[in-house]
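Commentary on secondary and tertiary structure
As a plain string of letters, each chain reads:
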Amino acid sequence: MDLDDLRIFLAVYQAGHFSPVARARKVAPSSISRAIARLESALGQRLFQRSTRTLTPTQDAESFYLAAAPLLEELDGVIQRATSSSHKPQGRLRVSASVAFGQIQLQPKLQEFCDRYPDVQLDLIADDERSDLVQEQIDVAFRHGLLDDSAYIARKLCSVSYHLVASPAYLEHAGHPSALEDLNKHRLLTFGFAPFHRDWRFDCNGENVSVPIQPSLLASNALLLLAAAKSGQGIALLADWTVGSAMQSGELHPVLPDYRPLAATDRPAIWVMYPSRAYVPAKTRVFIDYITEAYS
């Protein structure tokens, strides 16, 4: 089995198509298709269902990706450490994250990293727009949901689940909804981008149920929704990493806990991304290892 074919498979799985990977590697899509065919032959499994317009991973592909991605990452890390073990982590490290993730998740974890690597100067760019890593000279970026930067290297940091939450004061005043149909009797707080502002989806005993909503507040930032929910303005749909501490402290209570909210995309996750696997600087490698360890 060719390791480059395996890397191509990982990139195609993340990108969802041959063309972005071909562009990133500056080869024809047929070359990427042949690499996938060689890997399928070596494994004796079909990895993608192909049509003229779509490329759909099989269940075998998903299982293989989840098993192979960390192994290849570890192998590359071993090689990298062997070839650059004499390089001391130092210099400015530019890190990009959304405003909410940077404030809630990253900032509390950075002091220990700075203590451990005093020669690395962290430059944290908090922005809800997706930065171009190469153009803006970003060393490490944290991304939510779907990945559309197939030319970059991605490592899954953590899975994400969603919760309906409200403050005790709001629930005491407005009452607790007992069914999904009750939601539109309440003030609803949600993101302003599709599909969150049109409907909320739930897993009800294995069935995907969509509930059209009429939000009272739309926001582009999770911090705004979190603050609104804490202050008693309504029921919010937010990620676990956003509301975890507020739920533990009792500032927010779960709403309709028997229904599992679904994300806008399948397999929602936070990803750590960096521009290239080749010649990763020591400062980048130790930061990624540190953050990954913090979430393990």
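Note that the coordinates shown come from a computational prediction; the quantities given were computed from them, not determined experimentally.

We now examine the overall build of the chain. Along the backbone of the chain there are nine helices and 15 strands. Considering only C-alpha atoms, the chain reaches an extent of 60 × 50 × 30 Å along its principal axes. Evaluated residue by residue, the chain yields a buried proportion of 44% over its 296 residues. Relative to all contacts within the chain whose residues are 6 or more apart in sequence, the contacts with residues 24 or more apart total 74%. Counting every atom, the chain has about 15500 Å² of accessible surface; 50% of that belongs to carbon and sulfur. The averaged location of the 33 negative side-chain charges in the chain is 6 Å from the averaged location of its 29 positive side-chain charges.

Attention now moves to a negative patch on the surface. Taken together, the side chains of Asp-127, Asp-128, Glu-129, Asp-132 and Glu-136 make up a negatively charged region of the molecular surface. Position of Asp-127 among the secondary structure elements: in the loop between β4 (120-126) and β5 (140-144).

With that out of the way, let us pick up the sheet that holds β5. One open sheet holds the five strands; their spatial order is β4-β3-β5-β15-β6, and the pairing between them is mixed. Looking along the sheet, the strands with just one partner apiece sit at the ends: β4 and β6 (153-159). Averaged over all adjacent pairs, the angle separating strand axes in this sheet is 20 degrees, with direction ignored. The pairing of β6 with strand β15 (residues 269-274) spans six bridges and is classified as antiparallel. Bridge pairing in β15 links Lys-156 to Trp-271. This element, helix α9 (residues 282-294), spans β3 (91-97), β4, β5, β6 and β15 of the sheet and lies at about 45 degrees to β3.

A few words on helix α8 (residues 240-249). For α8, the set of buried residues is Trp-241, Thr-242, Val-243 and Ala-246. Those residues of α8 that are buried are in contact with α5 (99-116), β5, β7 (162-166), α7 (222-230), β12 (235-239) and β15.

Within the structure shown, the criterion is met by 10 aromatic pairs. Between Phe-9 and Phe-48 the ring centres are 5.8 Å apart and the planes differ by 55 degrees, which places this aromatic pair in the tilted class. Here the residue Phe-9 occupies a position in helix α1 (residues 3-15), and Phe-48 occupies one in strand β1 (residues 48-50), the gap between them amounting to 39 residues. Seen in terms of ring centroids, Tyr-13 and Tyr-65 are 4.2 Å apart; in terms of plane orientation they differ by 15 degrees. Their pairing is stacked. Remark: Tyr-65 occurs in helix α4 (residues 59-84) and Tyr-13 occurs in helix α1; sequence separation between them is 52 residues. Judged by its relative accessible area of 7%, Tyr-65 is buried. Members of the aromatic cluster, connected to one another through ring pairs, are Phe-101, Phe-113, Tyr-117, Phe-142, Trp-241, Phe-287 and Tyr-290.

Calculation notes
Residues numbered from 1 in each chain as written. Predicted model: local features only at pLDDT ≥ 70, side-chain atom pairs only at ≥ 80, totals over all residues. Heavy atoms only, no water. Helix = DSSP H or I, 4+ residues; strand = E, 2+ residues; numbered from the N terminus. Buried < 20%, exposed > 50% of the residue type's maximum accessible area, 1.4 Å probe, protein only. Contact = heavy atoms within 4.5 Å. Areas by Shrake-Rupley, 256 points an atom, 1.4 Å probe, with all protein chains shown as cover. Lys, Arg positive; Asp, Glu negative; His and termini not counted. Charge placed at Lys NZ, Arg CZ, Asp CG, Glu CD. Patch = residues over 30% accessible without salt bridge, like charges linked within 9 Å, V, L, I, M, F, W, Y side chains within 5 Å. Salt bridge = Lys/Arg side-chain N within 4 Å of Asp/Glu carboxyl O. Pairing = 2+ DSSP bridges. Axes fitted to C-alpha atoms, helices over the stretch in contact; angles between N-to-C directions. Phe/Tyr/Trp six-rings, centres within 6.5 Å; stacked < 30°, edge-to-face > 60°.

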